[in-house]
Amino acid sequence: MSTFQAPKGTYDLLPPNSATYLAVREAISAPLKNSGYGYVETPGFEAVELFARGVGESTDIVTKEMYAFETKGGDKLALRPEGTASVLRAALEANLHKAGNLPVKLWYSGSYYRYERPQKGRYRHFSQVGAEAIGAEDPALDAELIILADQAYRSLGLRNFRILLNSLGDKECRPVYRAALQEFLRGLDLDEETLRRAEINPLRVLDDKRADVQKQLTGAPSMPDYLCDACTAYHKEVRELLDAAGVVYEDDAKLVRGLDYYTRTTFEFVHDGLGSQSAVGGGGRYDGLSEMIGGPSLPSVGWALGVDRTVLALEAEGVDLELPATTSVFAVPLGEEARRVLFGKVTELRKAGIATDFSYGGKGLKGAMKNANRSGARFTLVAGERDLADGVVQLKDMESGEQGPVALDAVLETLKAKLG
Ligand code: ATP
Ligand code: MG
């Protein structure tokens, strides 16, 4: 223990569990890398105004959850609470959309910060892998992203997740729906804050998690009934492409992203083993966002998957990822001369790509073999003075227990052959 602890709502990733996080990030990004998405990395903080506009003044994220601060130079910044606004800002700033190659397809992976009430699956520092396809309106792009997320979760061995799908309409049909919903909400028995929300952002009321609110919402006007012909056709094609790909989804007319620039396709990945923090990822089309942050019209679609909750989902399903052994060979020198010789061998093996570790700190055989066991290495190399005099090291197979001498200059070839 030191005097300090990780700040409230945060936790450290440490071996061996941290390997699972790396594997999850890798599994989520692999299908993206395989589908034309390029890696983007943006700063951990941005102008607070970017999020105010790019996430929405009336959202919980902006009103309650943002780590905003003023720098010594007087800049108003915020730790990033999500990825989309930053990625779009970066793409616009670099004029990626002008290179004549739309859509611009980008993926990212990183830390995000929200001042939330910490609980299982809800942290103040968490990590996401996300993807954005910027500058094209094509149902195949919406379908592609959903298919890739589905593929990512399946490659991890997850089975008990569901995909919820909806369309939020566009600037033609959505305002009509918005007005109808608002009219309906005004007639309900809602608390003051919710009534205020109904005026600013009525769709978000549909997302209210409280049972008494949900009960009153039965009979609320339903978005699918209000979709214009173009949105209906678009949504139909997204669904047909998902069907053709064998991706199973559920229609959820109440699924919203409560902001005006979120349009058409909206989806969420939920996992049933996570209790109330059931959303493992979400996304959708945001055709109006670019203009909201001062860019040209660039219809876009994207998603973000939460790494922390994905790891919890793996635990809930009892999935053990097959992680590659971190160390294949562990070298144990007995004595000064052996230390020098074996350390040279270790470097040689590492250069050849064999994951190798070494017993440091001048331990005796017993302590060193304990370390070797703990490392999970398949083989150990032990050498003492007599071995060196004979020009050999003792190679032990930790699985079978077999042990025998190997000539020093044959160690690399022997291990290569044995490790395949
Ligand atoms: P929720 O409804 O649970 O608050 P959200 O709508 O705020 O989720 P998004 O902004 O869509 O979540 O973020 C995408 C994903 O990032 C979520 O599905 C979740 O997996 C993860 N995520 C969001 N907030 C947190 C958090 N505070 N702690 C851990 N993971 C989070
Ligand atoms: Mg949230």
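In every chain, residue numbers begin from 1 and rise along the written sequence. Chains carry letters from A onward and ligands carry numbers from 1 onward, assigned in written order. Local features are withheld for residues below a pLDDT of 70 in this predicted model, meaning they are given only at 70 or higher, and side-chain atom pairs are given and counted only at 80 or more; totals for whole chains, interfaces and linings count all residues. Neither water nor hydrogens contribute to the side-chain values; these are computed over all heavy atoms in the structure.

Notes on the sheet that holds strand S4 (residues 76–79)
This is how it is decided: Pairing between strands is defined by DSSP: at least two bridges between the two strands are required. Each helix corresponds to a stretch of at least 4 residues labelled H or I by DSSP, and each strand to a stretch of at least 2 residues labelled E; elements are numbered beginning at the N terminus. As a rule, the C-alpha atoms of each element are fitted with a line to give its axis, helices using only the stretch in contact, and angles between N-to-C directions run from 0 to 180 degrees.
Reading across from one edge, S2-S4-S3 is the order of the 3 strands in this open sheet, with antiparallel pairing throughout. Two strands in the sheet have a free side with no partner beyond their single neighbour: strand S2 (45–47) and strand S3 (68–70). Neighbouring strand axes in the sheet, compared pairwise and without regard to direction, differ in orientation by 35 degrees on average. Relative to S4, S2 is paired through 3 bridges, and the arrangement is antiparallel. Its bridge partner being in S4, alanine 47 is matched across the sheet by leucine 77.

Digging into the site of ligand 1
To keep it simple, the criterion reads: Residues are classed as near a molecule or strand on a simple rule: at least one heavy atom within 4 Å of it. Counted as a polar contact is a pair of N or O atoms within 3.5 Å, where, for protein atoms, one must be capable of donating a hydrogen and the other of accepting one, and residues adjacent in sequence contribute only when both atoms are in side chains. For every accessible area listed, the method is Shrake-Rupley and the probe measures 1.4 Å; residues are considered covered only by the protein chains on display. When residues are sorted by character, Ala, Val, Leu, Ile, Met, Phe, Trp, Tyr, Cys and Pro go into the nonpolar class, Asp, Glu, Lys and Arg into the charged class, and all the rest, Gly among them, into the polar class.
Every one of the 14 residues lining ligand 1 counts as a neighbour, but Arg114, Glu116, Arg122, Tyr123 and Gln128 are closest to it. Note that an oxygen atom of ligand 1 is positioned 2.9 Å from one of the backbone N or O atoms of valine 280. Taken by itself ligand 1 offers 590 Å² of open surface, and the protein chains cover 85% of this. Those elements that provide at least two residues to the shell around ligand 1 are strand S6 (125–134), strand S10 (279–285) and strand S11 (300–306). With 3 residues, S10 is the single largest residue contributor to the shell around ligand 1. Its residues assigned to classes, the shell around ligand 1 shows 5 nonpolar, 4 polar and 5 charged.

Topic: the domain arrangement of the chain
Put simply, the rule is: As annotated, the domain borders come from an automatic or database domain assignment.
The domain boundaries assigned to the chain delineate domain 1 (17–173 + 227–317) and domain 2 (329–419). Computed from C-alpha coordinates alone, the two centres of domain 1 and domain 2 are separated by 48 Å.

Re the sheet that holds strand S12 (residues 329–333)
Filter applied, for reference: Contacts were defined at the residue level, with two residues in contact if any of their heavy atoms lie within 4.5 Å.
Strand order in the open sheet made by the 5 strands is S13-S12-S14-S15-S16, with mixed pairing throughout. Both edges of this open sheet fall to strand S13 (356–358) and strand S16 (403–407), since each of them pairs with a single strand only. Here the average twist between neighbouring strands, direction ignored, is 25 degrees. Pairing between strand S15 (residues 392–397) and S16: 5 bridges, direction antiparallel. Each residue of the ladder has a partner; that of leucine 395, found in S16, is glycine 404. Of the strands in this sheet, S12, S13, strand S14 (379–383) and S15 touch helix H14 (residues 336–351), which is tilted by about 160 degrees from S13.

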